Amino acid sequence: MVTTPFPALPQPKALLERFHQGSVRLLLSSRCPLGPEQSLGFLSSGLWARLSNTYKEDSITPFSGLRGGLREATLHLCISPSKPSGQRTDAMFSWLKRGGARGQQPEAIRTVTSALKELYRTKLLPLEEHYRFGAFHSPALEDADFDGKPMVLVAGQYSTGKTSFIQYLLEQEVPGSRVGPEPTTDCFVAVMHGDTEGTVPGNALVVDPDKPFRKLNPFGNTFLNRFMCAQLPNQVLESISIIDTPGILSGAKQRVSRGYDFPAVLRWFAERVDLIILLFDAHKLEISDEFSEAIGALRGHEDKIRVVLNKADMVETQQLMRVYGALMWALGKVVGTPEVLRVYIGSFWSHPLLVPDNRRLFELEEQDLFRDIQGLPRHAALRKLNDLVKRARLVRVHAYIISYLKKEMPSVFGKENKKKQLILKLPVIFAKIQLEHHISPGDFPDCQKMQELLMAHDFTKFHSLKPKLLEALDEMLTHDIAKLMPLLRQEELESTEAGVQGGAFEGTHMGPFVERGPDEALEDGEEGSDDEAEWVVTKDKSKYDEIFYNLAPADGKLSGSKAKTWMVGTKLPNSVLGRIWKLSDVDRDGMLDDEEFALASHLIEAKLEGHGLPTNLPRRLVPPSKRRHKGSAE
């Protein structure tokens, strides 16, 4: 008798070979080391019970129970030397070989995402293909849909500040973009990370297997000519991608056809993005017909929607209260749900606030919105799981609908008349399926849209109900997804992802502009420049010194609170002032001396004049005393 430690479950073929050898004893116990890549989540009671029943039938010693969970399970498999390795042994493990058989799962699930991909390919995709789900709803998913970064969809009527909002987040201009009061963004723009700045046209983008846009091809050339990818090196885009959309038209403009199904494209993106931001202008609250239709295309994804009331600094407090109430009233009529959408109020651009009365409100609202965006990478796996379950429930209902229509069709005569009758009675059919299979009404697709789609299909080519495919889907929803939840929680606990960093997100936790205080570390500036280079702030230093000493510094330095009081008077947003503080507090002591204050004043003036802020402080901007200090320290 040979005893073999069993620290990891081998492949079914290798396991079968060991049993063919005859005298083998396999031991799995809690004492065996389980590596981080070895998951027993799928190898649970169903598999062990099946093994146990087989061993009992073959007079083989069964395993000694599951004690306190999977990791404490002990399994003893003993085979007598005299037992022949023949057909019964093959039959005993034949269920391990059959693809898609009940109980078969990946041996080691490394991540939740890889498990979802496997479940989709083996249990959901066959059902989609059998009942032509893609022709009625959404095309099949690809690996890029699971592996891609979280995406944020930005939509709204023209001139509500969509492109300005994106540039505010990135603190960088997007290649190919233009900002203006008229409808300037006339295409869908996927803003993604790239080593160099550039744009990729839509027709080239949809054939790239590494991008999650291949399934946009059916929308045709008219759409693809209005679709592009803007790539640029930006820290924010290392964690997320952003989809900019054309301005939604109003008035006479909306009667001009776009040449493609705009709501359908929005619906395609809504199914795949992690967050949807709808922007409204404080002076433009009317919801046009096209905007109403676009919001209707987002129905079913209300959990992803965040509404932003932009340009709120252009109205006073009393007017803002009325504007907010009017927006909520308008949204209530369009969204059609009793739940109230979350509305964020602010002015999302880097220019000074026109009416700074509500500055504190804007700061709090911006922090809440940024917190939602920064959490996207940490919760990406949970969102993918949620969307896959939502898709699976719709696929199941679709299978029942198609199979019912197939069953009701006559075999020879009157097919066309019967098809028209079934389409007309579709609401009644929905009710019958709901009662027969105990399905929630919320799982059914839009009846009117389904009727329109069915007109173009031949019912005789539909398939009848296939119980095995539905059983596999039910098993995925009831068992397989549930087994992933512990792994999902473990991934979130062990995640080292710090969330979205860079851009405007850096200014939300810098210096005195948050309640934590100015204790954030700064990045070093550029090295290697001449320490004797002229300081560009010198020419205005006397002017800044006068302001500095009027603020009554203590021991030659201004505290963070005093500096903040003066800086807020410039009316620049807090995220911008936070970036300026980070660049100015060169010695990182949480206070500003006269040179650092002069530097801060210089950067504020540059920003007010429309110039950008550097990512790191150039050597020519470093105060002379700080250069000498750094040199001596080295």
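Residues numbered from 1 in each chain as written. Predicted model: local features only at pLDDT ≥ 70, side-chain atom pairs only at ≥ 80, totals over all residues. Heavy atoms only, no water.

Colleague: How do you make sense of the packing of helix α5 (residues 112–130) against helix α15 (residues 380–408) when you look at a structure like this?
Modeller: Between two packed helices, both the angle of their axes relative to each other and the distance between the axes serve to describe the pair. At a minimum axis separation of 11 Å, α5 and α15 run at an interaxial angle of 10 degrees. With respect to α15, the axis of α5 lies roughly parallel. When α5 is examined against α15, the residues V112, T113, L116, Y120, L124, L127 and E128 are found in contact with a partner set consisting of A381, K384, L385, L388, R391, A392 and V395. (Axes fitted to C-alpha atoms, helices over the stretch in contact; angles between N-to-C directions. Helix = DSSP H or I, 4+ residues; strand = E, 2+ residues; numbered from the N terminus. Parallel < 35°, antiparallel > 145°, perpendicular 65-115°, else oblique. Contact = heavy atoms within 4.5 Å.)

Colleague: Quick question: what am I supposed to make of the UniProt feature "domain: EF-hand" (unreviewed entry) in the protein chain here?
Modeller: Here, UniProt's "domain: EF-hand" (unreviewed entry) annotation points to residues 572–607. Structurally, residues 572–607 is divided into 69% helix and 0% strand, and its ends, taken at the C-alpha atoms, are 9 Å apart. (UniProt positions renumbered as here; feature names shortened; annotations may be inferred.)

Colleague: It is not clear to me how the pattern of salt bridges should be interpreted in this structure. Could you clarify?
Modeller: In a structure, side chains of opposite charge can pair up when their charged atoms sit close to one another. For the coordinates displayed, the defined rule picks out 30 salt bridges. Here R391 makes a salt bridge to E128, at a shortest N to O gap of 2.7 Å. In this pair, R391 sits in helix α15 while E128 sits in helix α5, placing the two residues 263 residues apart along the sequence. Of the two residues examined, R391 and E128, each falls in the buried class. In this structure, R342 and E365 form a salt bridge, with 3.4 Å as the shortest nitrogen-oxygen distance. One end of the pair, R342, is in the loop between α13 (317–335) and β11 (343–345); the other, E365, is in helix α14 (residues 359–374), and 23 residues separate them in sequence. Within the structure, one salt-bridge network assembled from shared partners comprises D274, K304, R383 and D387. (Salt bridge = Lys/Arg side-chain N within 4 Å of Asp/Glu carboxyl O. Buried < 20%, exposed > 50% of the residue type's maximum accessible area, 1.4 Å probe, protein only.)

Colleague: What exactly am I supposed to notice about the nonpolar core here?
Modeller: Note that soluble globular proteins tend to have their nonpolar side chains buried in a common cluster. Ranked by size, the top nonpolar core spans 51 residues in total, and within it F188, F213, F227, F269, F280 and L309 carry the most contacts. Per-element accounting of this core gives the leading share, 7 residues, to α13. Dropping the residues within four chain positions of it, F213 is found in contact with M151, A190, M192, L205, V206, F227, I243, W268 and F269. In this structure, L119, Y120, Y404 and F430 belong to the second largest nonpolar core, which totals 47 residues. (Core = buried A, V, L, I, M, F, W, Y, C linked by side-chain atoms within 4.5 Å.)

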